[in-house]
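Summary of the model geometry
These are the residues of each chain, in order.
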Amino acid sequence: MAEDYHKMWADLGLDLKKHDQLLGVLNEFYPPLFMQQPNRPAGMGYFDFVISEVHGLRVKELLDHKAKGGKVFGTFCLYVPDEIITALGGIPVGLCAGTDFSIPDAEATLPRNLCPLIKSFYGFKVGKVCPYIEATDLVIGETTCDGKKKSYEVLSEIHPTYVMEIPQKKNDESFKLWKAEIAQFVKKAEGLTGKKLTAQNLKSAIQAHNGKRKALQKLNALRWAKPAPISGKDALLISQIAFYDDLARFTESVNKLVVELEARVKAGKGVFPKEATSLMISGTPFALPNWKLHHVIESSGYPVIAEESCVGSRYFTELVDESAGTLEGLLDAIAKRYFNIHCACFTPNDERMDDIVSLFQKSGSKGVINYTLSFCTPYLVESHAVKKRLDKEKIPMLNLESDYGMGDMEQLKTRVQAFVESLKSKGRRGGDPLPSSNPD
Ligand code: BJ8
């Protein structure tokens with residue numbers, strides 16, 4: 001970090017000793033995991049810089065924004081409409097929830113057999129190690145899975161929290177409920193920011209967020225080239241940074257990287273051999289700094305070229321329709337776009353199966369790794385539907401369940417290697433691809 005930020009962290013009430021330990025772990029793991037990858041695109045320099053300043057410069061920017069009267073909104077889910085926050089002069093920040101470092105603090109209050117993502121986010125707050133949550137004026141929760149829903153009640157005891165109600169069925173009645181929920185959120189956000197939502201400020205926020213999504217779409221489509229011009233680990237890192245970096249600067253940096261990757265594809269330059277077996281991942285999100293599965297797969301020699309995930313395709317595939325001229329029309333477009341995110345919290349959720357198949361086909365992956373965080377009931381149970389559909393399409397699939405601990409890395413590696421070997425031997429014998437392996 002360019003500056004010493006200890007005073008800023010102390011003013012935010014962080015536990016400085018524990019926080020130094022957290023940054024120590026990050027500084028130890030990041031360079032070998034990311035910076036030592038061979039043939040990395042030069043454009044990754046910007047994202048390395050962002051990580052080097054992860055609790056420094058960006059937090060300072062948020063605090064500067066607050067000093068000028070702006071508000072900061074913390075989020076943990078894709079259903080929170082960032083455009084409304086931006087339009088009202090607020091900054092939306094996706095909060096960290098991807099490390100076991102913060103879990104012991106959470107387990108003093110929350111049950112052990114709870115999804116690690118939830119325990120991680122709560123542990124960051126209660127353990128006083130996250131400057132982002134301390135910089136937020138309000139955390140926006142949502143009624144997605146039961147674990148999150150109930151944990152927001154616990155969080156609300158120690159941090160200002162507002163919960164949006166997310167419907168669970170995709171029908172007209174649910175859509176009406178969702179629109180009403182968005183209208184309520186607008187009122188809440190207007191109250192906090194002291195600003196009024198207008199067609200003009202909302203349209204320009206929609207355009208800005210769509211610009212970010214378009215940049216991510218281009219970047220992620222380039223990963224399908226053979227050889228892949230960028231590692232899956234780097235692409236994942238960029239998707240994670242998308243949740244908290246400055247919107248305009250991030251979009252510009254991704255677009256610059258896209259130009260570099262296009263040139264690489266043209267020149268046939270990549271980060272893995274052309275014939276490497278490429279895989280895609282579907283399932284639960286990879287909150288920062290959860291890089292474990294990508295590292296396991298890519299350090300075995302297989303590029304990860306797509307993620308059907310909230311830190312992945314669910315985040316950027318759909319744009320908000322910008323064409324309406326009225327506030328009502330634009331809010332309707334926002335409601336439609338967000339209603340169209342296919343999280344396992346919805347029932348039934350057939351559209352997600354279509355998304356997985358379509359991404360598999362478009363990307364040219366050789367197999368799907370269906371990944372679920374331990375104790376995530378919606379995605380664990382939905383693995384059955386994923387398997388059924390992929391079997392039907394004759395798409396090979398491996399089911400993996402894991403948490404944030406490092407203890408199962410070797411076991412995961414063995415399973416991924418065995419899966420790829422099975423794909424290769426099937427390829428050598430010819431015939432249809434293998435049916436999916438059984439869920440654990
Ligand atoms: S839209 S996936 S970000 S809810 S992994 S906390 S579901 S028990 S993160 Fe999610 Fe929104 Fe859905 Fe996406 Fe619960 Fe599962 Fe944990 Fe999860």
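Residues numbered from 1 in each chain as written. Predicted model: local features only at pLDDT ≥ 70, side-chain atom pairs only at ≥ 80, totals over all residues. Heavy atoms only, no water.

Description of the overall build of the chain
When you go through the chain residue by residue, the secondary structure sums to 19 helices and eight strands. Against the globule reference of 22 Å for 440 residues, the chain gives a C-alpha radius of gyration of 21 Å, in line with a compact fold. Here the C-alpha coordinates of the chain stretch approximately 65 × 50 × 45 Å along the principal axes. Split into buried and exposed, the 440 residues of the chain put 57% on the buried side. Expressed as a percentage of contacts within the chain between residues at least 6 apart in sequence, the contacts between residues at least 24 apart total 75%. Accessible surface, the chain: about 17,900 Å² in total, of which carbon and sulfur atoms supply 54%. Looking at charge distribution, the chain has the averaged site of its 56 positive side-chain charges lying 3 Å from that of its 55 negative ones. (Helix = DSSP H or I, 4+ residues; strand = E, 2+ residues; numbered from the N terminus. Rg over C-alpha atoms; globule rule 2.2 N^0.38 Å. Buried < 20%, exposed > 50% of the residue type's maximum accessible area, 1.4 Å probe, protein only. Contact = heavy atoms within 4.5 Å. Areas by Shrake-Rupley, 256 points an atom, 1.4 Å probe, with all protein chains shown as cover. Lys, Arg positive; Asp, Glu negative; His and termini not counted. Charge placed at Lys NZ, Arg CZ, Asp CG, Glu CD.)

Observations concerning the pattern of salt bridges
Any two side chains of opposite charge can pair, on the condition that their charged atoms come close. Scanning all chains against the criterion turns up 30 salt bridges. Note that R112 is salt-bridged to E107, the shortest N-O span being 3.5 Å. For R112, a relative accessible area of 63% corresponds to the exposed category. Classification of E107 as partly exposed rests on a relative accessible area of 24%. One connected set of salt bridges, linked through shared partners, spans R58, E61, D245 and R249. (Salt bridge = Lys/Arg side-chain N within 4 Å of Asp/Glu carboxyl O.)

Thoughts on the domain arrangement of the chain
What the domain assignment reports for the chain is domain 1 (6–210) and domain 2 (211–320 + 327–335 + 340–429). The centre of domain 1, based on its C-alpha atoms, is set 21 Å off from the matching centre of domain 2. Between domain 1 and domain 2, the residue contacts involve 64 residues of the former and 61 residues of the latter. Roughly 5,500 Å² of surface becomes buried between domain 1 and domain 2 when both sides are summed, with 67% attributable to carbon and sulfur atoms. By the criterion of area lost to domain 2, the three top residues of domain 1 are L78, K170 and N210, representing 14% of everything that side buries. With its nearest N and O atoms 2.8 Å apart, the salt bridge here joins K179 to D332. Counting the contacts that link domain 1 with domain 2 gives 35 residue pairs in polar contact (both at pLDDT 80 or more). Elements with a contribution of two residues or more to the side of domain 1 that touches domain 2: α2 (16–35), α3 (44–52), α4 (57–67), α5 (82–87), β2 (91–94), α7 (116–126), α10 (172–193) and α11 (199–222). With eight residues, the top contributor of residues to the side of domain 1 that touches domain 2 is α11. Across the side of domain 1 that touches domain 2, the residue classes break down as 39 nonpolar, 15 polar and 10 charged. (Domains from an automatic or database assignment. Buried area = accessible area lost by both parts, 1.4 Å probe. Polar contact = N/O pair within 3.5 Å; in protein donor to acceptor, adjacent residues only side chain to side chain. Nonpolar A, V, L, I, M, F, W, Y, C, P; charged D, E, K, R; others polar.)

What about the confidence of the model for the chain?
Looking at the chain as a whole, its pLDDT mean stands at 96, while 97% of the residues score no less than 70. Here residues 431–440 is modelled with pLDDT under 50, and outside its nearest four sequence neighbours on either side it reaches 27 contacts, counting other chains as well. (pLDDT = per-residue confidence, 0-100.)

Section: unusual backbone geometry
Trans peptide bonds make up most of the peptide bonds, and negative phi angles are found at most residues other than glycine. Cis rather than trans, the peptide bond between K226 and P227 has omega equal to 0°. Locating P227 in the fold gives a position in the loop between α11 and α12 (232–241). Of the consecutive residues T347 and P348, the connecting peptide bond is found in the cis state with omega at -15°. Looking at the secondary structure, you find P348 in the loop between α16 (327–339) and α17 (350–363). A positive phi angle, close to 55°, is found at K128, a residue other than glycine. Among the structural elements, K128 can be located in the loop between α7 and α8 (131–135). Accessibility expressed as a relative area gives 42% for K128, which makes it partly exposed.

Re the side chain of N210
Counting through the fold element by element, N210 comes out in helix α11. What N210 contacts, discounting residues up to four positions off in sequence, is L319, V320 and E322.

Here we look at the packing of α2 against α12
With their axes 10 Å apart at the nearest point, α2 and α12 run at an angle of 125° to one another. Our classification of the angle between α2 and α12 gives oblique. On the side of α2, the interface is formed by Y30, L33 and F34, while α12 contributes K233, D234 and L237. (Axes fitted to C-alpha atoms, helices over the stretch in contact; angles between N-to-C directions. Parallel < 35°, antiparallel > 145°, perpendicular 65-115°, else oblique.)

Thoughts on the site of the ligand
Around the ligand sit 17 residues, and of these C77, C145, C310, C343 and C376 come closest. Residue-level mapping places the shell around the ligand at the junction of two domains, with at least three residues from each of domain 1 (6–210) and domain 2 (211–320 + 327–335 + 340–429). (Near = heavy atom within 4 Å.)

A few points about the environment of L62
Examined against the element boundaries, L62 turns out to sit in helix α4. With a relative accessible area of 0%, L62 lands in the buried category. Separated by 28 residues in the primary sequence, L62 and G90 have C-alpha atoms spaced 9.8 Å apart. Among residues more than four places away in sequence, those in contact with L62 are V72, I91, V93, Y132 and A135.

Digging into the pairing of strand β4 (residues 161–164)
Residues Y162 and M164 of β4 are buried on one face, while the alternating residues T161 and V163, pointing to the opposite face, are not. With helix α9 (residues 146–155) bridging strand β3 (residues 138–142) and the parallel β4, this β-α-β connection has right-handed handedness. (Right-handed = clockwise from strand over helix to strand, strands pointing away.)

With respect to the sheet that holds β4
The four strands lie next to each other as β2-β1-β3-β4, forming an open sheet whose pairing is parallel. The two strands at the open ends of the sheet, each matched to only one other strand, are β2 and β4. Ignoring which end each strand starts from, the neighbouring axes of this sheet average 30° apart. Here β3 pairs with β4 via four bridges, running parallel. Among the inter-strand pairings, E142 is bridged to a residue of β4, identified as M164. Contacts from α4 reach β1 (72–75) and β2 within the one sheet, and its direction differs from that of β2 by about 150°. Seen against the sheet, α10 touches β1, β3 and β4 and runs at an angle of roughly 160° to β4. (Pairing = 2+ DSSP bridges.)

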